[in-house]
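Chains, contacts and geometry: an overview
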Amino acid sequence: MAYMIYQRYRTAVLEAYADDPDVGHHLEAARSYRIWLATLTLEPAVKSALVEQALVIESAFERLAANRQAHRVE
């Protein structure tokens, strides 16, 4: 069930930021946020769920950045 929710997050990021020129900046912000979440002193299950959500968002920005890089090389 959670996978479906996370897939919606990923799709939302991919659609909303497909043409955003600041994808690299957003990727770094998402990565910093995930790293920060991982340092919080929370119940492990809660922290894990938060980090997993952040990782999905980060990976969507990584995909967008990789797509941009691939288009620059061509």
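These numbers were taken from a predicted model, which means no experiment stands behind them.

Secondary structure assignment for the protein yields three helices and zero strands. The helix and strand sequence of the protein, counted from the amino end, reads α-α-α. Principal-axis analysis of the C-alpha atoms gives the protein an extent of 45 × 25 × 15 Å. Buried positions account for 19% of the 74 residues belonging to the protein.

Turning next to the side chain of D20. Within the fold, D20 resides in the loop between α1 (2–16) and α2 (23–39). A distance of 3.4 Å separates the side chain of D20 from the side chain of H26, its partner in a polar contact. If near-sequence neighbours (up to four positions away) are discounted, D20 is found in contact with H26 and R68.

Turning next to the nonpolar core. Within the largest apolar cluster, eight residues are counted, these being V13, L14, V23, L27, A30, A60, F61 and L64. For this core, the elements supplying multiple residues, two or more each, are α1, α2 and α3 (44–73). Those residues in contact with A30 that sit more than four places away from it in its chain are I57, E58 and F61.

Scanning the model with the defined rule gives three aromatic pairs in all. Their ring planes at 45° and their centres at 5.9 Å tell us that Y6 and Y9 sit as a pair that is tilted. Pair noted here: Y6 and Y9 are both in helix α1, with a separation of three residues, about one helical turn. Among the residues examined, Y6 registers a relative accessible area of 10% and is labelled buried. Assessed through its relative accessible area of 31%, Y9 is described here as partly exposed.

What counts, and where the lines are drawn
Residues numbered from 1 in each chain as written. Predicted model: local features only at pLDDT ≥ 70, side-chain atom pairs only at ≥ 80, totals over all residues. Heavy atoms only, no water. Helix = DSSP H or I, 4+ residues; strand = E, 2+ residues; numbered from the N terminus. Buried < 20%, exposed > 50% of the residue type's maximum accessible area, 1.4 Å probe, protein only. Polar contact = N/O pair within 3.5 Å; in protein donor to acceptor, adjacent residues only side chain to side chain. Contact = heavy atoms within 4.5 Å. Core = buried A, V, L, I, M, F, W, Y, C linked by side-chain atoms within 4.5 Å. Phe/Tyr/Trp six-rings, centres within 6.5 Å; stacked < 30°, edge-to-face > 60°.

No statement about biological role is implied by the geometric values presented.
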